[in-house]
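Structure at a glance
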Amino acid sequence: MKKNSLSFKIISRILLFCIALGLVIFTIYYYFTRETIERSAKQNAISLANNTINKIEDYIKPAETIPENLAWIIETGAISKDSISSFLTKLVKNNPAIFASAIAFEPYFFSNDLKYFSPYAYRKDSSIVSAMLGSPEYNYFIMDWYQIPAVLKQAYWSEPYFDEGGGGILLSTYSVPFYMKRNGQRVFGGVITIDISLDWLTEIVNSVKIFESGYAFLISRNGVFVTHPDRSFIMNESIFTLAKELEVPQLREIGRSMIKGESNLKSITYKDKGKVWIYHTQLPSTKWALGVVYPHKEMYAELHKLNLIIILLSAFGLGLLLFFTVKIINKQVGPLTKFSKSARLIAEGNFNTELPAIVSNDEMKELYESFDFMQKELSDYIINLQDTTSAKEKIESELRIAKEIQMGMIPHIFPPFPNLPEIDLFASLVSAKEVGGDLYDFFLIDEHRLCFAIGDVSGKGIPASLFMAVTRTLLRSVADKERSASQIVSLINKTLSLNNESNMFVTFFLGILDVNSGELKYCNAGHNPPVILKNKQHASYFNITKAIPVGLFEDFEYTEESMHIDAGDQIFLYTDGLTEAEDANNQLFGDSSLLNLLQKNVALSPRNLIEKATDGVSAHVNGHIQSDDLTMMSIIYNGKLQKE
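So, a few notes on the structure that sits alongside this text. (Residues numbered from 1 in each chain as written. Predicted model: local features only at pLDDT ≥ 70, side-chain atom pairs only at ≥ 80, totals over all residues. Heavy atoms only, no water.)

**Focus on helix 9 (residues 363-409)**
Selection rule: Under the DSSP-based scheme used, a helix requires at least four consecutive residues in state H or I and a strand at least two consecutive residues in state E, with every element numbered from the N terminus. Multiplying one less than the number of residues by 1.5 Å gives the expected span of a helix. Only protein chains enter the accessibility calculation, which uses a 1.4 Å probe. A residue is then buried if its area is under 20% of the maximum for its type, exposed if over 50%, and partly exposed in between. We call two residues in contact when some of their heavy atoms are within 4.5 Å.
The end-to-end C-alpha distance of helix 9, which contains 47 residues, comes to 66 Å, matching closely the 69 Å that a straight helix rising 1.5 Å per residue would cover. All of the buried residues along helix 9 are M364, F371, Q375, L399, Q406 and M409. Packed against the buried residues of helix 9 are helix 8 (301-347), strand 14 (438-444) and helix 10 (461-478).

Quick look at the structure:
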């Protein structure tokens, strides 16, 4: 398939449009799905964190009520000093969630010699062991679990810690201050504690599974990891030390937000794990913070997998589209190539070229019908053109013959009278068409008189040429030595006017020059006035009487005028094709231009004068089409010469 073929252009544009449309749809789909996944992941993270917190709170809340109820019992005095140890033993034994419990009294609360009094019961193996805390080495009054709730006057969860004496398990102590009556006053009596194992907490948090590598973690109020999939972090790393080790400042910011008790979803990028999303929120009871980690890559894994499937399906679909598009378009456009070849053959003249067969009833069928119509029309046109050309050539041939006949009717041999030195004469006739309506003629009507005439038939072409031929024939037939110039013109007028249904006419000038005396008698029938060039010095128009052209009114009587021609005088006659010659701007050559031209060349011979006039009018029209016949005749009178 050629690159500049119509099929290639259609197929390439369809494919480009489909690819562009597919990219737009895929982009919209991708960003919409990506946003949906992010929104769903955030909602899922919030739900997952809240569910985990609820599970933790369900475990912590019942444990918190035990020391709180015990504080109320101690304050009422329902338990005596001596029975506190046995009560604690039973308390620990009957509450599996409690690892140990203690009731620590203020210094010297019972007597001045008893500074430390803190019964303590704890689990050891499968039994409950009782002990008494407090000694100079273990001054529990300055311990966090005692001092903080004593100062704050409210319950307090301690930071998680490993109880090395209890088997190295992770514990957290919940301390509740209690009050007692002394001398009618309600005074601070001490702190009741319960130690809770956090193994269950680790199980709950570690049970959170997010994709393949996502997880949850718990940090204390100081940012220390309480739970983490990597157990080496527990109580050994804080989120801040981890941020420093991994060189991830964003993790430090998340840690600060967590210990402030804020809830938020942030993204950070680990060097080894890549981008992850972390949602964090705070536990209401302990004020610890729970973090849920979503791996970015795994979060969008399904989307990327789906994108790959879409791309593969799109590529396959484009392949199918290309295959069927090429098939269909080649089938539809194929006849165009055949039509093109047929059109080329028709243009070469083979009008019987067979057109490609079209069986469909669509635009291709219309094209076939148009080609078939064009083929028949062209065939008919060429036949008609051949006939017309043949007829035109015949007419042109006839016109050429007619022109030769017409030109043969006028004298064209110069000098015409080599034995008559008294005169020199030259004339020319250039028709605007094949044949024209201008005429000139000259002949001797006796031994010493020269008859000359010039005329211009109305109209152009064949009718004018026929009228010109009749006029010239009449002139030759009626001009004799017995008739004057006016009689000759009148006879010609009378003859032409008879049966002149076409109303054609001739402007006509006829002169008879006596070469012995120089007397010129002339008759003008509406023709342009000739120019007399006197003594080769001065040019001027004839003063003539106006009269109508011949051929209009048979009874019209023409008058005759005369003038004397001196030796050296020259007569210049012309038709209006000279003075009315137009240039490209429709400007006429004009009478004044003619007179100026003749004045400048007043001393030239008739031949040279006519050639100068021809050059002058050619310069004026400057190649513009000749619109009228152009005829000139010039006669110079040399005077009576004495014969030897």
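**Quick look at the packing of aromatic side chains**
Counted only if it meets this: The aromatic pairing rule takes the rings of Phe, Tyr and Trp, using the six-membered ring of Trp, and pairs them if the centres are within 6.5 Å, calling planes under 30 degrees apart stacked, those over 60 edge-to-face and the rest tilted. Cation placement over rings: the criterion is NZ of Lys or CZ of Arg within 6 Å of the ring centroid and within 35° of the ring normal.
Tallied over the full model, the rule gives 37 aromatic pairs. Taking the centre distance of 6.1 Å and the plane angle of 25° together, the rings of F572 and Y574 count as stacked. Among the aromatic side chains, those forming a connected cluster through ring pairs are Y116, Y140, F141, W145, Y146, Y179 and F188. If you follow K81 out to its NZ or CZ, it ends over the ring of F110, 5.5 Å from the centre. One residue, K153, lies across the ring of F188, its end atom 4.5 Å from the ring centre.

**Side note on unusual backbone geometry**
For the bond running from F414 to P415, omega is -5°, close enough to zero to count as cis. Assignment of secondary structure puts P415 in the loop between helix 9 and strand 13 (423-430). We note that N183 has phi near 50°; this positive angle belongs to a residue other than glycine. Position of N183 among the secondary structure elements: in the loop between strand 6 (169-182) and strand 7 (185-197).

**Section: the environment of D569**
This is how it is decided: Any pair of nitrogen or oxygen atoms within 3.5 Å is treated as a polar contact; in protein, a donor-acceptor pairing is required on top of that, and neighbouring residues in sequence qualify only through side-chain atoms on both sides.
Considering the arrangement of structural elements, one finds D569 in the loop between strand 20 (561-564) and strand 21 (570-574). Each C-alpha atom, one on D569 and one on E519, is 12 Å from the other, the two residues being 50 residues apart in sequence. Non-local contacts of D569, meaning those with residues more than four positions away in its chain, are made with I532, L533, K534, N535, I635, I636 and Y637. One polar contact links the side chain of D569 to the main-chain amide nitrogen of N535, over a distance of 2.6 Å.

**Let's talk about the pattern of salt bridges**
What counts is decided by this rule: What makes a salt bridge here is a side-chain nitrogen of Lys or Arg within 4 Å of a carboxyl oxygen of Asp or Glu, nothing more.
Applying the stated rule across the entire model yields 14 salt bridges. The shortest N-O distance in the salt bridge between R39 and E35 comes to 3.9 Å. Of this pair, R39 and E35 both sit in helix 1 (residues 6-76), 4 residues apart, which is roughly one turn of the helix. For E35, a relative accessible area of 49% corresponds to the partly exposed category. R483 is the salt-bridge partner of D480, the closest N and O atoms lying 2.9 Å from each other. Relative accessible area serves as the criterion here: at 27%, D480 is assigned to the partly exposed category. Counted as one network, the salt bridges with shared partners bring together D441, R472 and R476.

**A look at the packing of helix 10 against helix 11 (residues 485-497)**
How we decide: Comment: axis = line fitted to C-alpha atoms, over the contacting stretch for helices; angle = value between 0 and 180 degrees taken between N-to-C directions. Roughly parallel means an angle under 35 degrees; roughly antiparallel means over 145; roughly perpendicular covers 65 to 115; every other angle is labelled oblique. Helix crossings get a hand from a simple test, with the near helix turned counterclockwise from the far one by less than a right angle marking a left-handed crossing and a clockwise turn marking a right-handed one. All residues other than Ala, Val, Leu, Ile, Met, Phe, Trp, Tyr, Cys, Pro, Asp, Glu, Lys and Arg, Gly among them, are scored as polar; the first ten of these are nonpolar and the last four charged.
One way to put it is that helix 10 packs onto helix 11 with a least axis distance of 10 Å and a crossing angle of 135°. Comparing the axis directions of helix 10 and helix 11 gives the class oblique. Handedness of the crossing formed by helix 10 with helix 11: right-handed. Across the interface between the two elements, F467, V470, T471, L474, L475 and V478 from helix 10 touch I488, L491, I492, T495 and L496 from helix 11. Grouping the amino acids of the contact of helix 10 with helix 11 by side-chain chemistry returns 9 nonpolar, 2 polar and no charged.

**Here's the deal with the nonpolar core**
Put simply, the rule reads: The definition of a nonpolar core used throughout is a set of buried Ala, Val, Leu, Ile, Met, Phe, Trp, Tyr and Cys residues joined through side-chain atoms within 4.5 Å.
Counting 73 residues, the largest nonpolar core has Y440, F442, F452, L475, F508, L510 and F572 as its most contacted members. Non-local contacts of F572, meaning those with residues more than four positions away in its chain, are made with P530, V531, L533, L578, L594, L598, L609, I610, A613, M632, M633 and S634. Core analysis: the next-biggest nonpolar cluster, separate from the first, contains 54 residues, I84, Y174, I192 and M299 among them.

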